[in-house]
Amino acid sequence: MTQWLPRRIDQRLLCARLWLTLAALCQVIPGGVVALFPSYALLDNMYRNWTAAAGIVDRIAKRRPVFVESSTSSGDVLEFYSARIKTARSTGALMLSVVGGRLSEGINFSDKLGRAVVIVGVPFPSLASLELAE
């Protein structure tokens, strides 16, 4: 997952604990919950682990739908997420996105769209980035 984690930490356990934390937040926070990851690779890895574990995604999905941004997704994910939250008797939704991605930059998660925002990790820039070279 990340290079700085000590080898003694079981990354699958860390992944499971993150999902359980998101599930606990979704139980008590009404409306939309947005979880932002530092990269698409980490988001894809986490979500793949969550869906492979039997029942772990169902813990949230039975109460509210989970929307996932991918590196190739369009604005449809945000439209579906918004529509779900704005419906009458909505139990809310969870959106998994990337810091600096299409769905996190320039979007105003006001009112019910973003009752909670969870930042997963710190999105450090790549050392090979042209912006750092300047």
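Caption draft 1: Looking closely at the packing of helix 1 (residues 11–28) against helix 2 (residues 40–52). Two elements in contact, helix 1 and helix 2, have axes whose closest approach is 10 Å; the angle formed by their N-to-C orientations is 85 degrees. The angle between helix 1 and helix 2 places the two elements in the roughly perpendicular class. In this structure, helix 1 uses Cys 15, Ala 16, Leu 18, Trp 19 and Leu 22 to contact helix 2, whose residues at the interface are Met 46, Asn 49 and Trp 50. Considered class by class, the residues forming the contact of helix 1 with helix 2 number seven nonpolar, one polar and no charged.

Caption draft 2: The arrangement of the sheet that holds strand 2 (residues 66–68) in detail. Strand order across the open sheet formed by four strands is 2-3-1-4, with parallel pairing between neighbours. For this open sheet the edge positions go to strand 2 and strand 4 (116–119), each flanked by a neighbour on one side alone. Put simply, the sheet's adjacent strands are angled 20 degrees from each other on average, direction ignored. Pairing analysis gives four bridges linking strand 1 (residues 32–37) to strand 4, with the strands arranged parallel. Pairing of Ala 35 across the sheet is with Val 118, part of strand 4. Where helix 1 meets the sheet, its contacts fall on strand 1, strand 2, strand 3 (93–98) and strand 4, and the angle it forms with strand 3 comes to roughly 135 degrees. Against the sheet, helix 4 (residues 76–86) makes contact with strand 1, strand 2 and strand 3, and its axis sits at roughly 155 degrees relative to strand 3, the strand it touches most.

Caption draft 3: The arrangement of the nonpolar core in detail. By size, the foremost hydrophobic cluster in this structure holds 24 residues, and its most contacted members are Trp 19, Leu 22, Phe 37, Trp 50, Ile 60, Leu 94 and Leu 96. Listed by contribution, the elements that provide at least two residues to this core are helix 1, strand 1, helix 2, strand 3 and strand 4. For this core, the element with the highest residue contribution is helix 1, accounting for six residues. Ignoring anything within four residues of it in the chain, the contact list for Leu 22 reads Ala 35, Trp 50, Ile 60, Leu 96 and Val 118.

Rules behind the numbers
- Residues numbered from 1 in each chain as written.
- Predicted model: local features only at pLDDT ≥ 70, side-chain atom pairs only at ≥ 80, totals over all residues.
- Heavy atoms only, no water.
- Axes fitted to C-alpha atoms, helices over the stretch in contact; angles between N-to-C directions.
- Helix = DSSP H or I, 4+ residues; strand = E, 2+ residues; numbered from the N terminus.
- Parallel < 35°, antiparallel > 145°, perpendicular 65-115°, else oblique.
- Contact = heavy atoms within 4.5 Å.
- Nonpolar A, V, L, I, M, F, W, Y, C, P; charged D, E, K, R; others polar.
- Pairing = 2+ DSSP bridges.
- Core = buried A, V, L, I, M, F, W, Y, C linked by side-chain atoms within 4.5 Å.
- Buried < 20%, exposed > 50% of the residue type's maximum accessible area, 1.4 Å probe, protein only.

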